[in-house]
Amino acid sequence: MTQRSSAHARRDRVLRVVLPVVGLALSLAAWELVVRLFGIPPYVLPAPSVILQTFIADAGLLTQSLLVTLLTTLEGFLLAAIGGVGLAVLFNQSRLVEYSLYPYAVILQVTPVVAVAPLLLIYLPQQAAVLACAWIVAFFPVLANATLGLNSVDRNLVDLFSLYGASRGQMLWRLKLPSALPHILGGLRIASGLSLIGAVVAEIAAGSAGAGSGLAYRIAESGYRLNIPRMFAALLLLSAAGVVIFYLLSLVNYLALRRWHESALSAER
């Protein structure tokens, strides 16, 4: 890479960080100014400074609720990852299994979780219902991407493995799963955010029924009590958690693929 290209790469990295920060600072300043100039009350639109004060005052409660939501998100994500990849392997090994079960997976995906959550809360304990919602919305992206990856292996390589007498297990572990890894990681990255969404929807439904302890429940509770600053503080904390989860999975994707896959290799400009 030439010195000029290196300078351009450093400038791009700096701009990628600085521009969003500057945009956020200007937006917060404009928000604060509008609220103060027009005297908007906090129960309608709180100023960023009021939201910050509320977050500091309620940090213990909000952090505890966030941990509850994150634990449910992690459990739902792990169940979706294990179940989605495992079922995709079964689909790849047996067309009969795929033809029998794949339509039900599609039905599970297209059914809105916001409609399923109240029903699950009737038949399951509250925490189990929230976990089931987190799993439902995260499961299909993993299954679909893993199935696509396993079915997209280069046919010439499959024929080569068959020519050398590789067993089905060897072909799966040494060819199909490594080839499908980018698709699987892509599905996991999507599922990580969706599991958080599923947990939030179920917690809001549980909060409507008067139960719950997660961060989404705090948002619903704050809305009922017109504690809008706390609602904004909880919402921003929840958004920050989603961003962190996404970038953690992006980092895992990069570390797993950086040495060999085109999507993670640095392009020379």
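Residues numbered from 1 in each chain as written. Predicted model: local features only at pLDDT ≥ 70, side-chain atom pairs only at ≥ 80, totals over all residues. Heavy atoms only, no water.

**Some details on empty space enclosed by the protein**
Then comes step 1: Taken as a whole and judged by the stated rule, the model has one cavity of 30 Å³ or more.
Then comes step 2: Taken together, 10 residues make up the lining of the largest cavity; nearest its centre are Val68, Gln126, Gln127, Glu203 and Gly214.
Then comes step 3: Contributions of two or more residues to the lining of the largest cavity are made by α3 (59-93) and α6 (126-151).
Then comes step 4: Sort the elements by how many residues they give to the lining of the largest cavity and α6 lands first, with three residues. (1 Å grid on protein atoms, 1.4 Å probe; cavity = no way out; pocket = protein on both sides within 12 Å on 5 of 7 lines; lining within 4 Å. Points joined across faces, edges and corners; volume = space filled by probe spheres on them. Helix = DSSP H or I, 4+ residues; strand = E, 2+ residues; numbered from the N terminus.)

**Regarding the nonpolar core**
Then comes step 1: Within the largest apolar cluster, 38 residues are counted, with the highest numbers of intra-cluster contacts made by Leu143, Leu150, Leu188 and Leu215.
Then comes step 2: When contributions to this core are tallied by element, the ones reaching two or more residues are α3, α6, α8 (168-208), α9 (215-224) and α10 (228-257).
Then comes step 3: Contacts of Leu150, omitting those with residues within four sequence positions, involve Ala88, Val89, Asn92, Leu172, Lys176, Leu177 and Ala180.
Then comes step 4: In this structure, Val116, Ala117, Leu120 and Ala199 belong to the second largest nonpolar core, which totals 15 residues. (Core = buried A, V, L, I, M, F, W, Y, C linked by side-chain atoms within 4.5 Å. Buried < 20%, exposed > 50% of the residue type's maximum accessible area, 1.4 Å probe, protein only. Contact = heavy atoms within 4.5 Å.)

**Re the packing of α3 against α10**
Then comes step 1: Running from N to C, α3 and α10 cross one another at 35°; their axes reach a closest spacing of 11 Å. Crossing of α3 over α10 shows right-handed handedness. Facing α3, whose interface residues are Leu61, Leu62, Leu66, Thr69, Leu70, Thr73 and Phe77, α10 presents Arg230, Ala233, Ala234, Leu237, Leu238, Ala241, Ile245 and Leu249.
Then comes step 2: Broken down by class, the residue content of the contact of α3 with α10 amounts to 12 nonpolar, two polar and one charged. (Axes fitted to C-alpha atoms, helices over the stretch in contact; angles between N-to-C directions. Left-handed = near helix turned anticlockwise from the far one by under 90°. Nonpolar A, V, L, I, M, F, W, Y, C, P; charged D, E, K, R; others polar.)

**Focus: unusual backbone geometry**
Then comes step 1: Of note in the backbone geometry, Leu226 takes a positive phi value of approximately 55° without being a glycine.
Then comes step 2: With respect to the secondary-structure elements, Leu226 resides in the loop between α9 and α10.

**Overview of the environment of Ser152**
Then comes step 1: Along the chain, the position of Ser152 falls in the loop between α6 and α7 (155-163).
Then comes step 2: Remark: the alpha-carbon pair of Ser152 and Thr54, spanning 98 residues in sequence, is separated by 51 Å.
Then comes step 3: A distance of 2.5 Å separates the side chain of Ser152 from the backbone oxygen of Leu148, its partner in a polar contact. (Polar contact = N/O pair within 3.5 Å; in protein donor to acceptor, adjacent residues only side chain to side chain.)

**Structural notes on a nonpolar patch on the surface**
Then comes step 1: Residues Val14, Val17, Val18, Val21, Val22 and Leu26 make up a contiguous nonpolar surface patch of about 520 Å² in total accessible area.
Then comes step 2: You can see Val14 is positioned in helix α1 (residues 3-38). (Patch = residues over 30% accessible without salt bridge, like charges linked within 9 Å, V, L, I, M, F, W, Y side chains within 5 Å. Areas by Shrake-Rupley, 256 points an atom, 1.4 Å probe, with all protein chains shown as cover. Salt bridge = Lys/Arg side-chain N within 4 Å of Asp/Glu carboxyl O.)

**Observations regarding the packing of helix α2 (residues 48-57) against α10**
Then comes step 1: Contact geometry of α2 with α10 gives a least axis separation of 8 Å together with a crossing angle of 80°. What the angle tells us is that α2 and α10 run roughly perpendicular. On α10, the residues touching Val50, Ile51, Thr54 and Phe55 of α2 are Pro229, Arg230, Phe232, Ala233, Leu236 and Leu237.
Then comes step 2: The residue makeup of the contact of α2 with α10, split by class, is eight nonpolar, one polar and one charged. (Parallel < 35°, antiparallel > 145°, perpendicular 65-115°, else oblique.)

**Here's the deal with the packing of aromatic side chains**
Then comes step 1: This model, assessed by the stated rule, comprises five aromatic pairs.
Then comes step 2: Between Tyr102 and Phe140, the ring centres sit 6.1 Å apart and the planes meet at 50°, which makes this aromatic pair tilted. Of this pair, Tyr102 sits in helix α4 (residues 95-110) while Phe140 sits in helix α6, and the two are 38 residues apart along the sequence.
Then comes step 3: Phe140 sits in the buried class, given a relative accessible area of 16%.
Then comes step 4: Members of the aromatic cluster, each reached through a chain of ring pairs, are Phe91, Tyr102 and Phe140. (Phe/Tyr/Trp six-rings, centres within 6.5 Å; stacked < 30°, edge-to-face > 60°.)

**Notes on the layout of surface pockets**
Rolling a probe over the atoms, with the probe sized like a water molecule, indicates the empty space that remains.
Then comes step 1: Considering only enclosed or pocket space, the second largest pocket measures out at about 240 Å³ in volume.
Then comes step 2: Looking at the lining of the second largest pocket, the elements that each hand over two or more residues are α1, α2 and α10.
Then comes step 3: Residues belonging to the lining of the second largest pocket are distributed by class as follows: 11 nonpolar, no polar and no charged.

**Some remarks on the confidence of the model for the protein**
Then comes step 1: Model confidence for the protein is summarised by a mean pLDDT of 86, while 91% of its residues fall at 70 or above.
Then comes step 2: For the protein, the element scoring lowest by mean pLDDT is α1, at 83; α3 scores highest, at 92. (pLDDT = per-residue confidence, 0-100.)

**As for α9**
Then comes step 1: Buried residues dominate α9, accounting for eight of its 10 residues.
Then comes step 2: For α9, the full list of buried residues reads Leu215, Ala216, Tyr217, Arg218, Ile219, Ala220, Glu221 and Ser222.

**Side note on the pattern of salt bridges**
Then comes step 1: Taken as a whole and assessed by the stated rule, the structure comprises six salt bridges.
Then comes step 2: Note that Glu221 and Arg218 form a salt bridge whose closest N and O atoms lie 3.2 Å from each other. Taken together, the residues Glu221 and Arg218, both in helix α9 and three residues apart, mark about one turn of the helix. Assigned by exposure class, Glu221 and Arg218 land together as buried.
Then comes step 3: Among the ionic contacts, a cluster of salt bridges with common partners joins Asp58, Arg218, Glu221, Arg225 and Arg230.

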